[in-house]
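# Coordinates in review
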Amino acid sequence: MTTDTPSPIKAVPVRHHGRWIAAVLVLLLAYQIGSALLSSPNLEPHTIGEYLFKDFVLEGVRTTLLLTAIAMLLGTAGGVLLAVMRLSANPVLRVSAAVFVWFFRGTPLLVQIVFFGFLGALLPRLTVTVPFTDIAIFDQPTNAVMVGIVPAVLALSLNEMAYAAEIVRGGILAVDKGQTEAAHALGMKPGLTMRRIILPQAMRVIAPPMGNEVITMLKSTALVSVIAGRDLMTAVQTVYAQNYKVIPLLAVAAIWYLALVSVLSVVQWFVERRFGRGHRATSGGGMFR
Amino acid sequence: MTAMIRAEGVRKSFGQLEVLSGIDLQVNAGEVCCLLGPSGSGKSTFLRCVNHLETVTAGRLWVDGDLVGYRQRGDRLHELREREVAERRRDIGMVFQRFNLFPHLTALGNVMEAPVHVLREPKAAARQRALALLDRVGLADKAHAYPAMLSGGQQQRVAIARALAMRPKLMLFDEPTSALDPELVGEVLDVMRDLAADGMTMMVVTHEMGFAREAADTVVFMDGGVVVETGTPEQVLGDPRHDRTRAFLAKVL
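A few points on the structure. In this text the structure is predicted, and so the values were computed from the model without any measurement.

Turning next to unusual backbone geometry. In the Ramachandran plot, Glu44 of chain A falls in the positive-phi region, its phi being about 45° despite a non-glycine side chain. Relative to the elements of secondary structure, Glu44 of chain A occurs in the loop between helix H1 (17–38) and helix H2 (45–52).

The next thing to look at is the sheet that holds strand S3 (residues 32–36) of chain B. Two pairing modes exist for strands in a sheet, parallel and antiparallel, and in both the strands are linked by backbone hydrogen bonds. All names here are of chain B. Spatially, S8-S9-S10-S3-S11-S12 is the arrangement adopted by the six strands of the open sheet, whose pairing is mixed. The sheet is open, and its two borders are formed by strand S8 (92–95) and strand S12 (226–231), each paired with just one other strand. With direction set aside, neighbouring strand axes in the sheet form an average angle of 15°. In this sheet, strand S9 (residues 170–174) lies alongside S8 in parallel orientation, the contact comprising four bridges. Note that in S9 the partner of Met94 across the bridge is Leu172. Against the sheet, helix H1 (residues 43–50) contacts S3, S8, S9, strand S10 (202–205) and strand S11 (218–223), and its axis sits at roughly 150° relative to S9.

Listed as interface residues are 18 residues of chain A and, on the opposing side, 23 residues of chain B. Put simply, chain A and chain B have two salt bridges between them. Salt-bridge contacts for Arg196 of chain A lead to Glu113 of chain B; the nearest nitrogen and oxygen are separated by 2.7 Å. Counting every contact that joins chain A to chain B gives five residue pairs in polar contact (both at pLDDT 80 or more). Contributing elements (two or more residues each) for the side of chain A that touches chain B: helix H9 (177–185) and helix H10 (190–220) of chain A. At seven residues, the largest contribution of residues to the side of chain A that touches chain B is made by H9 of chain A. Its residues assigned to classes, the side of chain A that touches chain B shows nine nonpolar, five polar and four charged.

Turning to the sheet that holds strand S1 (residues 3–14) of chain B, a few remarks are in order. Residue and element names in this part refer to chain B. Spatial ordering of the open sheet is given by S2-S1-S4-S5, a layout of four strands whose pairing is antiparallel. Of all strands in the sheet, those with a lone pairing partner are strand S2 (17–28) and strand S5 (66–67), marking the two edges. Here H1 sits on the sheet in contact with S1, S2 and strand S4 (58–63), set at roughly 60° to S2.

Glancing now at the pairing of S3 of chain B. Burial runs high along S3 of chain B: five of the five residues are buried. Neither face of S3 of chain B is open: one carries Val32, Cys34 and Leu36 of chain B, the other Cys33 and Leu35 of chain B, and all of them are buried.

Now for the packing of aromatic side chains. Residue and element names in this part refer to chain A. This model, assessed by the stated rule, comprises seven aromatic pairs over all chains. With 5.8 Å between their ring centres and 80° between their planes, Phe53 and Trp256 make a pair best called edge-to-face. Residue Phe53 is found in the loop between H2 and helix H3 (55–86), and its partner Trp256 is found in helix H12 (residues 246–275); the two are separated by 203 residues along the sequence. A relative accessible area of 16% means that Trp256 is categorised as buried.

The biggest cluster of nonpolar side chains holds 76 residues, and the ones touching the most others in it are Leu35, Phe46, Val50, Leu61 and Met203 of chain B. Per-element tally for this core: the top contributor is helix H8 (residues 150–174) of chain A, with 12 residues. Not counting residues within four places of it along the chain, the set of residues in contact with Val50 of chain B comprises Ile5, Leu61, Val63, Val68, Ile92, Leu170, Leu172 and Met203 of chain B. Within the second largest apolar cluster, 52 residues are counted, among which are Val116, Ala196, Met202 and Phe221 of chain B.

Quick look at helix H4 (residues 91–106) of chain A now. Residues that lie three or four places apart on an α-helix share one face, since the helix turns once every 3.6 residues. Residue and element names in this part refer to chain A. Taking 1.5 Å as the rise per residue, H4 with 16 residues should run 22 Å; its terminal C-alpha atoms sit 22 Å apart, in good agreement. Every buried residue of H4 is accounted for by Ala97, Val101 and Phe104. The buried residues of H4 occupy an angular sector of 80° when projected down its axis, which confines them to one face. Exposed side chains of H4 directed beyond 90 degrees from the buried face belong to Val92, Val95, Trp102 and Gly106. Those residues of H4 hidden inside the fold are in contact with H3, helix H5 (109–117) and H8. Looking at where H4 begins, the residue whose side-chain oxygen comes 2.9 Å from the main-chain nitrogen of Val92 is Asn90.

All names here are of chain A. Viewed as axis vectors pointing N to C, H5 and H8 meet at an angle of 145°, and their least axial separation amounts to 8 Å. Note on packing geometry: the crossing formed by H5 with H8 is right-handed. Touching Leu109, Gln112, Ile113, Phe116 and Gly117 of H5 are Pro151, Leu154, Ala155, Leu156, Leu158 and Asn159, all from H8. Its residues placed into classes, the contact of H5 with H8 shows eight nonpolar, three polar and no charged.

Rules and cut-offs
Residues numbered from 1 in each chain as written. Chains lettered and ligands numbered in written order. Predicted model: local features only at pLDDT ≥ 70, side-chain atom pairs only at ≥ 80, totals over all residues. Heavy atoms only, no water. Helix = DSSP H or I, 4+ residues; strand = E, 2+ residues; numbered from the N terminus. Pairing = 2+ DSSP bridges. Axes fitted to C-alpha atoms, helices over the stretch in contact; angles between N-to-C directions. Contact = heavy atoms within 4.5 Å. Salt bridge = Lys/Arg side-chain N within 4 Å of Asp/Glu carboxyl O. Polar contact = N/O pair within 3.5 Å; in protein donor to acceptor, adjacent residues only side chain to side chain. Nonpolar A, V, L, I, M, F, W, Y, C, P; charged D, E, K, R; others polar. Buried < 20%, exposed > 50% of the residue type's maximum accessible area, 1.4 Å probe, protein only. Phe/Tyr/Trp six-rings, centres within 6.5 Å; stacked < 30°, edge-to-face > 60°. Core = buried A, V, L, I, M, F, W, Y, C linked by side-chain atoms within 4.5 Å. Expected span 1.5 Å × (residues − 1). Arc of directions from axis to C-beta. Left-handed = near helix turned anticlockwise from the far one by under 90°.

Set out below in structure tokens:
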């Protein structure tokens, strides 16, 4: 018997030839695409630089961010409400929430946006009366209400509510049933149980997909350009319709969207780490080597 | 003696499956009642009926004189509203097999939750009481630990403190030691013995024959959804009258 600790193993590591081959292929491809793009006479890098921080572009970016923020806030709030309705014991609430989700998930966002843009054609006046009487609580011409970013906000939020509802519902259902029982056994009412016990735990499941929703929403706002929604896309479209510098201006928009999404991705990473505390280590390393 | 729990012909079915087929029993204030019996005998279901986590299908069940889940007007029963059921449950503590601590709250947060949000106690007072309760179950030093950082035995003791924080008049234990490593069972049973000695009315579903023998005033042996026999621990565990009880005890003792 020897008491010496064995010397550390010095083995020849496995050679990863595949990595070298992959690197060469990727570089080749990147060179091909890059040179093809730069050889185009219409990319005009100096024009991109010229427009990147123009006032109308920055104004568009501001509106895009505003639309994203409002639509996500309303969408998430409505989504939580719809999710709780769908899981409620009340059949009327359950079915109405399901119908709402069915409708707004079942029609394209683009169609909804155009629809809200032209709502005045369907309903010339928006009127709310006391049921079975002629007493109007609210009565305005539709086109006086649907001004500025209002139709865009409506379409984006209502659509987001439907998707958020499904995500929140999944999160609530992922919380162990024993949690509800424990809360009820302590004399907590259903509403309090949902607010204090279930939703905080559901957040861990809800946060990652909602982060994706924010990113998707930021890009979806570009769709409101079809009703002149004043967003970034509308801004560049308006200008390239006049000066025909389509490619450089689209590149300006793309650069802004990419930059904003990159910032959001970093935020998402931190948020997920916060809610995943104590559950699993978010370490690097892929599934494959 | 006032009856804390009184059951008359309590039945419970899940669809076609009848789990309780007419339970009659009584637990007086200050008594400890242990429910014994094989898995599937309906012990846990009966326990869950007592605080209306399960709805009784037939028969009558009273806790401290109040009909569970209903209000009687003349000869008609009216279902209680969720709010009223919640109010009744405040006075009944429950400890679960799987602890069911709130994982997003610390031990202290778990114990303070219901006093602050259900009883609307001032935070400072609730905190004082919660710390005293954690001390009572021997976990004063774990007040700021999250459940995931505690052993099973520690989690179950926090769960007991959490239930006690509502100052219950009745404590229900649903196999409180069945999910624990054998070496951790003792610490939980010690807390329960202490509670029983303090005069708490308790109904305990358990497989711990030692605990039943020492701490119980009444032992109820159930099988197939009915009470097979009831009596003092000496009588039911020492000298069972029914073959079914004898066969069960021969296997578990």
